[in-house]
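Survey of secondary and tertiary structure
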Protein chains: 2
Amino acid sequence: MNQPLLPPIFHVQPVSAALDEQIQSVIDNKTKPLGSLGKLEALAAQLARIQQNLSPRADEVMHLVFAADHGVCDEGVSPFPQEVTAQMVLNFLRGGAAINVFCRHNRVGLKVIDAGVAAPLPSHPDLISVPVRAGTANFTLQPAMTKAELMNCLEQGAAMVDTWAADAQILSLGEMGIGNTTAAAAILASMMQVQPSEVVGAGTGASEQMQQHKAAVIAKALARIPLGPDQPLAVLQQVGGLEIAMMVGAFLRGASLGKLLLVDGFIATSAWWIAYALQPALKHYTVFAHQSDEQGHTRALQALQVTPLLQLDMRLGEGTGAVAAVPLLRLAAAFFNEMASFADAGVSNA
Amino acid sequence: MNQPLLPPIFHVQPVSAALDEQIQSVIDNKTKPLGSLGKLEALAAQLARIQQNLSPRADEVMHLVFAADHGVCDEGVSPFPQEVTAQMVLNFLRGGAAINVFCRHNRVGLKVIDAGVAAPLPSHPDLISVPVRAGTANFTLQPAMTKAELMNCLEQGAAMVDTWAADAQILSLGEMGIGNTTAAAAILASMMQVQPSEVVGAGTGASEQMQQHKAAVIAKALARIPLGPDQPLAVLQQVGGLEIAMMVGAFLRGASLGKLLLVDGFIATSAWWIAYALQPALKHYTVFAHQSDEQGHTRALQALQVTPLLQLDMRLGEGTGAVAAVPLLRLAAAFFNEMASFADAGVSNA
């Protein structure tokens, strides 16, 4: 398909370097050995650069979890049945899932978005119902969604950021969708131009045999639609997920509004990669939160030449890795804003 | 010297395995793929095992910063002058140092202990003054402290835990002392039986030339007193620091009282190693918080075959790496206590 034009709400500006010297000077004059806060110094500088001021903030953090079902589940790619997507959404709404616990303890706002769960869901103040369709089509047989549905997903993703994360300095995204590691692997195999087996992993716990089957299912789909990194929206439409497509829209909109983007694991990275291909300046706004234990994530981060903040062997999804990293961003802003300088404190410098 | 007998307050009991099966069962029944919280699952299990109950807590965390001066500074081993130790203690008391900011933001209690700072310090409610002497002797020429001073340090370290961390489930230790990377490197070279050059690093910012000089200074001291891992207290007395010796006492006492020990970077690890050599069950109570950028720390952790929680290229000291890891311990306890099980949530298991 021809690449549709990306509406202006998704345009991402490169970050200005105007304050870079002042930012570095603030960091270097704090009462500590030069460079001794390591990656926290880089995070503080990134926050200040994105916000273009010398009092960077990281207190308001919003986490959006996008949930949807996947037609490719018909191919037997997950050890969990598809109804678990809706069951887990109910678990989110009752506050019993990992992401609820993580958001509560790390003081992060949370909204759950029905991007296209197959089963009906009840109305609930924390559930935003904007389903584009009741799960994707089975992408081994036909496009996962239509072009119109894809654009609808992008716009809904952006609308969620405008509505729920307007005041947030940091936007964190997560997902829930049985079968979505298969969609994410299909996206990354297309975008990275590697064999599906190189980016397929255990997901929620697929056996070695099921992983080989997952790779074969993806290979079948990619043979039907040979697409590459120059057609990110076509890849997303053909093999993506509704939640993944909304995350693409949310990442683009978040960066367009000058928020720092906190990228979770494998599935979030597949969405991020599409967004990055569309708007390369997205990288300026991005922090990769954690290294997932899903093997395809390691492969993707290596290709991007980035080292994420946390390496905790996690592979739960929901955005748990992103929310786990939030306190590090807050420490980064805090040392920048609150530590004394050598001059303030009357401490002799080296 | 003969090893003095270690008083009973320092005896550390191995942790019981009685609840291990129940602990694992709680973790495995949470609504998440099996094992998908990675290292957080191991942390939750360790907290529950140490506390011997199925409602592990990590809310009360106390951080003690021990400060002291080092006679070996006479040898020119640091780019900062010795008076910076006292200046930084004043910075702690005014709340302007990195450790103040980190403790405030991560809701961790903080007390600063004068274990033997050379310059006089004012009285202040957050400063506990128990100096054993005004800095160590220059250990290239004579023992850093006497046997009596060593035992006094261990007892003061224990008393600080009894007084200030009685209610804490987690004990975190930090230090301040210009010259103390030299003492720590001397301890680790003795305990690991490696060349000083293998564990010497930049400290607060020593040049390559100064690092070579540091290694030569340590080699000179170790030639004077050839001691090994079977004499941990003698090593500590000969080349240790007053703050390091108090940390040894505090680690032992904390574990003896059933607290989880959060070990910071290079200097804290040198203190921990002495404590571990004295009471090997200490390891059950220990979490290594971060991988310091100080090269000797990498070497020591490799020898111990442990991977710490955080890899952030930090090398600031004060216990900043330990306090940075506290939110991860709290997430570990929180998922264990608060997440729904598959049965609670009515979610189908794989």
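None of these values were measured; they are calculated from a predicted model.

All names here are of chain A. Spatial strand order, β3-β2-β1-β4-β5-β6: 6 strands in an open sheet with parallel pairing. Strand pairing shows two members of the sheet lacking a second neighbour, β3 (127–129) and β6 (286–288), which therefore form its edges. Each strand axis lies, on average, 25° off the axis of its neighbour in the sheet, ignoring direction. Relative to β6, strand β5 (residues 260–263) is paired through 3 bridges, and the arrangement is parallel.

Let's shift gears to the nonpolar core. Counting 291 residues, the largest nonpolar core has Leu40, Phe102 and Leu236 of chain A together with Leu40, Phe102 and Leu236 of chain B as the members making the most contacts within it. If near-sequence neighbours (up to four positions away) are discounted, Leu40 of chain B is found in contact with Phe102, Leu312 and Met314 of chain A together with Leu328, Leu331, Ala332 and Phe335 of chain B.

Once chain B has been moved 0.0 Å along the axis and rotated by 180°, it coincides with chain A to within an RMSD of 0.0 Å. The transformation just described matches what one would write down for a two-fold rotation axis. When you check the interface residues of chain B against chain A, 100% turn up at the interface there too, and the contact is symmetric in its surfaces.

All right, on to the side chain of Thr31 of chain B then. One can find Thr31 of chain B in the loop between α1 (20–28) and α2 (38–51). Of note is the side chain of Thr31 of chain B, whose polar atom sits 2.9 Å from the side chain of Asn91 of chain A. The contact partners of Thr31 of chain B, leaving out residues within four places of it in the chain, are Met88, Asn91, Gly96 and Ala97 of chain A together with Met339, Ala340, Ser341, Phe342, Ala345 and Val347 of chain B.

On to the packing of helix α13 (residues 326–338) of chain A against helix α4 (residues 98–105) of chain B, then. Between α13 of chain A and α4 of chain B, whose axes approach to 9 Å, the crossing angle comes to 135°. Taken together, the axes of α13 of chain A and α4 of chain B lie oblique to each other. Regarding α13 of chain A and α4 of chain B, the two cross each other, and that crossing is right-handed. The residues of α4 of chain B that touch α13 of chain A, namely those facing Leu331, Ala334, Phe335 and Glu338 of chain A, are Val101, Phe102, Arg104 and His105 of chain B. Its residues assigned to classes, the contact of α13 of chain A with α4 of chain B shows 5 nonpolar, 1 polar and 2 charged.

Glancing now at helix α5 (residues 147–164) of chain B. Residues and elements named next belong to chain B. In this model α5 runs 26 Å from its N-terminal to its C-terminal C-alpha over 18 residues, within 8% of the 26 Å that 1.5 Å per residue would give. For α5, every residue scored as buried is listed here: Glu149, Leu150, Met151, Cys153, Leu154, Gly157, Ala158, Met160 and Val161. Looking at the packing, one finds that the buried side of α5 touches β1 (61–68), β2 (109–116), β3 (127–129), β4 (170–176), α9 (232–239) and α10 (242–256).

Conventions we followed
- Residues numbered from 1 in each chain as written.
- Chains lettered and ligands numbered in written order.
- Predicted model: local features only at pLDDT ≥ 70, side-chain atom pairs only at ≥ 80, totals over all residues.
- Heavy atoms only, no water.
- Pairing = 2+ DSSP bridges.
- Helix = DSSP H or I, 4+ residues; strand = E, 2+ residues; numbered from the N terminus.
- Axes fitted to C-alpha atoms, helices over the stretch in contact; angles between N-to-C directions.
- Core = buried A, V, L, I, M, F, W, Y, C linked by side-chain atoms within 4.5 Å.
- Buried < 20%, exposed > 50% of the residue type's maximum accessible area, 1.4 Å probe, protein only.
- Contact = heavy atoms within 4.5 Å.
- Least-squares fit on C-alpha atoms with pLDDT ≥ 70 in both.
- Polar contact = N/O pair within 3.5 Å; in protein donor to acceptor, adjacent residues only side chain to side chain.
- Parallel < 35°, antiparallel > 145°, perpendicular 65-115°, else oblique.
- Left-handed = near helix turned anticlockwise from the far one by under 90°.
- Nonpolar A, V, L, I, M, F, W, Y, C, P; charged D, E, K, R; others polar.
- Expected span 1.5 Å × (residues − 1).

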